[in-house]
Amino acid sequence: DSGNLVPSADVAAGIDYAVSHGATVIDVSPSVNPKPSPALQAAVANALARNVVVIAAVASSELNQANEVSYPAAYPGVLAVAAVDASGTAQTAVTPGVRVDLAAPGSAITSIGPVGPGQVTAGGAALATGYVAGTAALVRSYYPQLSAAQVAQRLELTASPPGTSVPSPQVGYGTVSPYNAVTTVLPQETGGRAPAVPPLPALRLPAVQRLDTWPLTAAGII
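Cut-offs used in this document
- Residues numbered from 1 in each chain as written.
- Predicted model: local features only at pLDDT ≥ 70, side-chain atom pairs only at ≥ 80, totals over all residues.
- Heavy atoms only, no water.
- Helix = DSSP H or I, 4+ residues; strand = E, 2+ residues; numbered from the N terminus.
- Buried < 20%, exposed > 50% of the residue type's maximum accessible area, 1.4 Å probe, protein only.
- Core = buried A, V, L, I, M, F, W, Y, C linked by side-chain atoms within 4.5 Å.
- Pairing = 2+ DSSP bridges.
- Axes fitted to C-alpha atoms, helices over the stretch in contact; angles between N-to-C directions.
- Contact = heavy atoms within 4.5 Å.
- pLDDT = per-residue confidence, 0-100.
- Expected span 1.5 Å × (residues − 1).
- Arc of directions from axis to C-beta.
- Polar contact = N/O pair within 3.5 Å; in protein donor to acceptor, adjacent residues only side chain to side chain.
- Salt bridge = Lys/Arg side-chain N within 4 Å of Asp/Glu carboxyl O.
- Parallel < 35°, antiparallel > 145°, perpendicular 65-115°, else oblique.
- Left-handed = near helix turned anticlockwise from the far one by under 90°.

Undergrad: Quick one: what's the story with unusual backbone geometry, residue by residue and with numbers?
TA: The omega torsion of the bond from Tyr71 to Pro72 falls at 10°, within 30 degrees of zero and hence cis. Mapped onto the secondary structure, Pro72 falls in the loop between helix H3 (61–65) and strand E5 (79–84). The step from Val166 to Pro167 runs through a cis peptide bond, and the omega angle for that step is 0°. With respect to the helices, strands and loops of the structure, Pro167 is situated in the loop between helix H5 (148–157) and helix H6 (178–183). The backbone phi angle of Asn51 is positive, close to 65°, even though this residue is not glycine. If you trace the backbone, Asn51 turns up in the loop between helix H2 (38–49) and strand E4 (53–57). Residue Asn51 is classed as partly exposed on the basis of its relative accessible area, which comes to 34%.

Undergrad: Could you give me a rundown of the nonpolar core, with the residues and numbers involved?
TA: Counting 23 residues, the largest nonpolar core has Ile15, Leu40 and Val58 as the members making the most contacts within it. Of all elements in the fold, only helix H1 (8–20), strand E2 (25–28), H2, E4 and E5 reach the threshold of two or more residues within this core. Among the nonpolar cores identified, the runner-up in size contains 21 residues, and Ile55, Leu102, Leu146 and Leu155 belong to it.

Undergrad: Could you give an account of the sheet that holds E2, naming the residues involved and the relevant values?
TA: Strand order in the open sheet formed by 4 strands is E2-E4-E5-E6, and the pairing between neighbours is parallel. Where the open sheet ends on each side, the last strands, each with one partner, are E2 and strand E6 (102–105). The average undirected angle you get between the axes of adjacent strands in this sheet is 30°.

Undergrad: Hey, could you go over the environment of Asn51 for me, with residue numbers and the actual values?
TA: The sequence separation of Asn51 and Thr24 amounts to 27 residues, and the corresponding C-alpha distance is 7.1 Å. Not counting residues up to four positions away in its chain, the partners in contact with Asn51 are Thr24, Arg140, Leu146, Ser147 and Ala148.

Undergrad: Can you explain the confidence of the model for the protein? Please cite residues and give values.
TA: On average, residues of the protein carry a pLDDT of 82, and 77% of them reach 70 or more. Per-residue pLDDT, averaged within each element of the protein, yields its smallest value for H3 (45) and its largest for H2 (97). Confidence over residues 61–67 falls short of pLDDT 50; this stretch has 14 contacts with residues more than four positions distant or in other chains.

Undergrad: I'd like a rundown of H2, residues and numbers included.
TA: In a regular helix each residue adds 1.5 Å, so 12 residues correspond to 16 Å; H2 covers 16 Å between its end C-alpha atoms and thus fits that length. The complete set of buried residues in H2 reads Leu40, Ala43, Val44 and Ala47. The buried residues of H2 occupy an angular sector of 95° when the element is viewed end-on, so they sit on one face. For H2, the exposed residues set more than 90 degrees away from the buried face come down to Pro38 and Ala49.

Undergrad: Account for the pairing of strand E7 (residues 109–112), with residues named and values stated.
TA: The side chains of a regular strand alternate, first on one face of the sheet and then on the other. Where E7 meets strand E8 (residues 119–122), 4 bridges bridge the pair, whose relative direction is antiparallel. Residue pairing for E8: Thr110 is matched across the bridge by Thr121. The antiparallel hairpin formed by E7 and E8 contains 6 residues in its connecting segment, where Gly116 sits at a positive phi of about 75°.

Undergrad: Describe in detail the side chain of Ser70, supporting the description with residues and values.
TA: Mapped onto the elements of the fold, Ser70 is located in the loop between H3 and E5. At a separation of 3.5 Å, a polar atom in the side chain of Ser70 contacts the main-chain carbonyl oxygen of Ala57.

Undergrad: Quick rundown of the pattern of salt bridges? Include the residues and the values.
TA: Two side chains that carry opposite charge are able to pair once their charged atoms sit near each other. For the coordinates displayed, the defined rule picks out 1 salt bridge. Close ionic contact of Arg99 with Asp101 constitutes a salt bridge, the shortest N to O distance being 3.2 Å. Given a relative accessible area of 33%, Arg99 falls into the partly exposed group.

Undergrad: Any details on the packing of helix H4 (residues 125–142) against H5? Residues and values, ideally.
TA: Following both chains from N to C, one finds H4 and H5 inclined at 120°, their axes separated by 10 Å at the closest point. Relative to H5, the element H4 is oriented oblique. Handedness of the H4/H5 crossing: right-handed. Residues Val132, Thr135, Ala136, Val139 and Arg140 of H4 touch H5, and the partners they reach there are Ala148, Val151, Arg154 and Leu155.

This is the structure we're talking about:
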């Protein structure tokens, strides 16, 4: 929930649990207390060392109002995500000096309600991280040989650019693009060649059946 600050120790414990249970992509969407934490830093470092992609929200409304840096998004190696609306405009004014790597939809997002029936509409970087995490999972599935750092780089290089120099202070390398992230050929990964695609199995057509013309012939004789 982006409306409540979550203790750093709880987030660190969650990251450690996910890593120990085989997660390859971790999405830290809650707002974390806006101060560095040894436990949280150690959990992030362990995840990165275990080849896990770590994604976190930047500048939720509460943190932004206090002009604070958000953690774990501020730690090196973490993909820091900001929210944009349908036009690609950043939804919050990121504090100068705060790193933003990517942006994703985070305005008027409609989903199922967290409790009970019905739907809920909300916004913010806490929701935008889900789009980036989902895209990272697609890339990890399609390119299992890539390291976590290479997955992060692929997301940045294939993002829809903001139309200004990158990384932009507000949206980083641009808005994440799931389609581009999966389909783009990156020379640094393939040496300029398209990824090898296994050949399709040989198509075996059934033998041509000769038509039995005897009923027509017999009818003609009669």
